[in-house]
Amino acid sequence: MMDTPTSPPLWELRDIKKSFYGTQALKGVSFTARRGEIHALLGENGSGKSTLIKCLAGVHQPDSGEMLLNGRPVTFHHPMEARAHGVATIFQEFSLVPTLTVAENIFLGRQPRRSTRLIDWDTMRVETARVLQPLEIQLDPEAIVKNLSVAEQQLVEIAKAISLESTLLIMDEPTAALGLAETERLLRLIKRLAAQGKAVVYISHRLDEVFEVADIVTVLKDGNRIATRPIHELKMGDVVKMMVGVDIEQHYPKIHHTNPTPCLEVEGLSTANGVHDVSFTINAGEVFGLGGMVGSGRTEIARALFGLDRWTAGKVRLFGREVQFKSPAEAINNGVGLIPENRKADGLFFNFEAPRNITISRLAEMLRGPFLNPMREMQAGQQYVSKLSITPTALEKSVKFLSGGNQQKVVIARWLFSQARLLILDEPTQGIDVGAKLDVYHVINELTGLGISILLISSDYPELLAMSDRVAVVRDGHILHIAEAGRLNEYELLAIASGAETGSQPPTAAG
Ligand SMILES: Nc1ncnc2c1ncn2[C@@H]1O[C@H](COP(=O)(O)OP(=O)(O)OP(=O)(O)O)[C@@H](O)[C@H]1O
Ligand SMILES: [Mg+2]
C-alpha cells in the first residue's frame, strides 16, 4: 500500500503560511503524508506543529499555500469537511465531552440507530468494546469521561480517532499523558495501521518513541521547515540539534543536594481514594521520585499530601511538626505546592496573561493597597519568563493562545515563585521540548540547592531515575520498593511497577 515514488502522495502541503494577530506561526511550510508511512513532525514548543496539522484537520485555514489530496487541491472550512476527506485527528487539547460516557464520546455525532430516532445503545456498547480492544484498554463504555484519569481520557481520544474511517491519522502528542505500557501498545497499533496503508502524522516530544516508530522526520523551527529526512539517516543528537539549533551534551544535569534533615515524614498514610499504608521520608533538598504505571496510585499519593483527598489513617510530619491537611489551602499555607498533571483543567487561568498566572500563588505581595500592582506583577513574571525560556510574547498574550508547552512552563513558574518548601511535580516535563526539559531540570537543581524538597512523579523513566536522589516504586496504591536512584535501572523499575518481577516475594520497602 506504500505510495510508489512516482504516484502522488496522499497529502501534499505546499508553502503553507498562517498568522495569528501578528504572530506568524507558519512561514511557508511544505509537508507530505504518504500511505503506509509514519511521518514524525518535530520541533520546539511554539514552532508551529499544531498549527500545521490544524490546517490539515480543517480547524485553521492557511493564509496562503496549497493542500493537495491525491494531487488535487482542497480547502476546508470546517473540521467536518476534513473528516469527510478521510482525516482523523487526535488534538493536543482534549476534545471529549466530559459529561458524556466513553461510548457516547466515541460515537458522538454518528451514533448507531435502531430507527430514525432511537439510538441503538446495544450496538454502541458492542462497537465501543471492539474499538477499545486493539488498544487493550479495560474501560467501561458506560463510564462518564470526567471521572476517568487523564491517561484513560487520552486513550478514549485515541480510540475515537482510530474508529473513524480514515486514510490519514494525525496524532498530536498522543502519548504525553500515557505510561510506558500504554505507550508501547499505542506504538504497536500505529505501526499496524500504517502497515494496513494508512498515512500517519505523529507529533511527540519523546524522541525515543519517534525513533521507534517513524519512517521519516520533518523538523520545524520558528514556523520554518528545517529538514525532512528518512529516520535511518539520523541520530537522536542530529534531530535535537535541528530542533534546538545547538548541541545538547548533557541531557540530565543532575546535581545532588540532599542533606540529612527530614523535610517530610509520612507514616502509614491511607486515603479512601487508593493510597494504602504508605511510608517514606523526603529529606531537605532531596528529589524523591515516584515510579509506577499510570493508575498505580502516584497521583493519589500527591493528592493526599496536598490536602485534596481525606486521610483515613497515618501520620505526616513536616519539618518535625505533625500536620493534617484538610484542604489545598492548608497545604499551601504550610509550604507545600503541587503542579498537577492535568494542567489544562487544573492549572491555568486561561484569560490571564502569563505574569498574572505566575504571581497568583503569592498574590498578597502583588497588592498595592487593595489593588494589584501591575508593575510588580510584570517584573516578577518577566523574571520567570526568561528563566524558563517561556516565549516572550507570553507577557502580553492570554495563556490560552500560547502553545501547549509554553502553557506548561507558566504553571511551573507559578510554583517556583510561590516559594514552597516541598514541591510536588506531577509529570512536569510532559509535552515540553528537549530544551524546555533542560530548563526544568536546571530549575529543579536550583530549588534543591536552596533546600527545597521535591516529590517527582514521572512516567519518563530515564528522567525519573536520572533526576531523583531516591525512587519509590508504587503499585496499587502501595510503595513496594525504595532505592537510591543510581541503584535501579529502567528495566528493574518497570518489572517491579508492572508486577512482572520474578520471585514470589515483592521486594521489601527500605529507606
Ligand atoms: N489561536 C491562536 N491565537 C494566537 N496565537 C496562536 C494560536 N495558535 C497558535 N498560536 C501561536 O502560534 C505559534 C505556534 O504555535 P503551535 O501551537 O503551532 O506550536 P507547537 O509547535 O504545536 O508547540 P507545542 O510543542 O508547545 O505544542 C505560537 O507562537 C503560538 O503562540
Ligand atoms: Mg502543539
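Residues numbered from 1 in each chain as written. Chains lettered and ligands numbered in written order. Predicted model: local features only at pLDDT ≥ 70, side-chain atom pairs only at ≥ 80, totals over all residues. Heavy atoms only, no water.

Focus: the nonpolar core
The biggest cluster of nonpolar side chains holds 42 residues, and the ones touching the most others in it are Leu 425, Ile 444, Ile 454, Leu 456, Val 471, Leu 488 and Leu 493. For this core, the leading source of residues is helix 15 (residues 434-449), giving 7 residues. Viewed by domain, this core spans two of them, domain 2 (250-335 + 420-511) and domain 3 (344-419), each represented by three or more residues. In this view, Leu 493 contacts Gly 291, Tyr 461, Leu 464, Leu 465, Val 471, Val 473 and Leu 488; residues no more than four positions away in its chain are not counted. (Core = buried A, V, L, I, M, F, W, Y, C linked by side-chain atoms within 4.5 Å. Buried < 20%, exposed > 50% of the residue type's maximum accessible area, 1.4 Å probe, protein only. Helix = DSSP H or I, 4+ residues; strand = E, 2+ residues; numbered from the N terminus. Domains from an automatic or database assignment. Contact = heavy atoms within 4.5 Å.)

Brief notes about the pattern of salt bridges
Pairs may arise between side chains of opposite charge once their charged atoms sit close together. Evaluation of the coordinates by the stated rule reveals 15 salt bridges. For the salt bridge of Glu 286 with Arg 470, the shortest nitrogen-to-oxygen distance reads 2.7 Å. Note that Glu 286 is positioned in the loop between strand 12 (275-283) and strand 13 (287-291) and Arg 470 in strand 21 (residues 470-475), a separation of 184 residues in sequence. The same class applies to Glu 286 and to Arg 470, which are both buried. A salt bridge links Glu 427 to Arg 298; its shortest N-O distance comes to 3.9 Å. Of this pair, Glu 427 sits in the loop between strand 19 (422-426) and helix 15 while Arg 298 sits in helix 9 (residues 298-305), and the two are 129 residues apart along the sequence. Several salt bridges share partner residues, and in doing so they unite Glu 12, Arg 14 and Glu 66 into one network. (Salt bridge = Lys/Arg side-chain N within 4 Å of Asp/Glu carboxyl O.)

With respect to unusual backbone geometry
Of note, the phi angle at Asp 277 is positive, near 50°, even though the residue is not glycine. By the element assignment, Asp 277 lies in strand 12.

With respect to helix 1 (residues 49-56)
For an α-helix, the turn length of 3.6 residues means that residues three or four places apart are oriented alike. Within helix 1, 8 of the 8 residues are buried, leaving the element largely enclosed by the surrounding structure. Three or more residues of helix 1 are buried, namely Lys 49, Ser 50, Thr 51, Leu 52, Ile 53, Lys 54, Cys 55 and Leu 56. Backbone geometry just downstream of helix 1 places Gly 58 in the positive-phi region, at approximately 80°.

Focus on the sheet that holds strand 9 (residues 216-221)
Spatially, 6 strands are ordered 6-7-8-3-9-10 in an open sheet, and the strand pairing comes out mixed. For this open sheet the edge positions go to strand 6 (87-90) and strand 10 (224-230), each flanked by a neighbour on one side alone. Adjacent strand axes in the sheet meet at a mean angle of 15° when their direction is disregarded. Packing against the sheet, helix 5 (residues 150-163) makes contact with strand 6 and strand 7 (168-172), and its axis sits at approximately 175° to strand 6. (Pairing = 2+ DSSP bridges. Axes fitted to C-alpha atoms, helices over the stretch in contact; angles between N-to-C directions.)

Thoughts on the site of ligand 1
The local shell around ligand 1 holds 19 residues, among which Gly 46, Lys 49, Ser 50, Thr 51 and Gly 405 are the closest. In the model, an oxygen atom of ligand 1 is placed 2.7 Å from a nitrogen or oxygen of the Gly 46 main chain. Within the side chain of Gln 92, one N or O atom sits 2.9 Å away from an oxygen atom of ligand 1. Contact with the protein chains removes 88% of the 640 Å² of surface that ligand 1 exposes when unbound. The set of elements that each furnish at least two residues to the shell around ligand 1 consists of strand 2 (23-33), helix 1 and helix 14 (404-417). In terms of residue count, helix 1 provides more of the shell around ligand 1 than any other element does, 3 residues in total. Split into classes, the residues belonging to the shell around ligand 1 amount to 4 nonpolar, 12 polar and 3 charged. Of the domains in this structure, domain 1 (11-244) and domain 3 (344-419) are the two that each give at least three residues to the shell around ligand 1. (Near = heavy atom within 4 Å. Polar contact = N/O pair within 3.5 Å; in protein donor to acceptor, adjacent residues only side chain to side chain. Areas by Shrake-Rupley, 256 points an atom, 1.4 Å probe, with all protein chains shown as cover. Nonpolar A, V, L, I, M, F, W, Y, C, P; charged D, E, K, R; others polar.)

Focus on helix 4 (residues 121-132)
For helix 4, built from 12 residues, the straight-helix expectation of 16 Å at 1.5 Å per residue is met to within 8% by its first-to-last C-alpha distance of 16 Å. Restricting attention to buried positions, one finds in helix 4 the residues Met 124, Thr 128, Val 131 and Leu 132. Down the axis of helix 4, the smallest arc covering the buried residues is 90°, so these residues share one side. Those residues of helix 4 that are exposed and angled more than 90 degrees off the buried face are Val 126 and Arg 130. (Expected span 1.5 Å × (residues − 1). Arc of directions from axis to C-beta.)

Some words on the sheet that holds strand 14 (residues 311-318)
One open sheet holds the 4 strands; their spatial order is 12-11-14-15, and the pairing between them is antiparallel. Each edge of the open sheet carries a strand with a single partner, namely strand 12 and strand 15 (321-323). Sheet twist, expressed as the average angle between the axes of neighbouring strands with direction ignored, equals 10°. Relative to strand 14, strand 11 (residues 262-271) runs antiparallel, the two being bridged by 6 bridges. Bridge pairing links Glu 265 to Arg 317 in strand 14.

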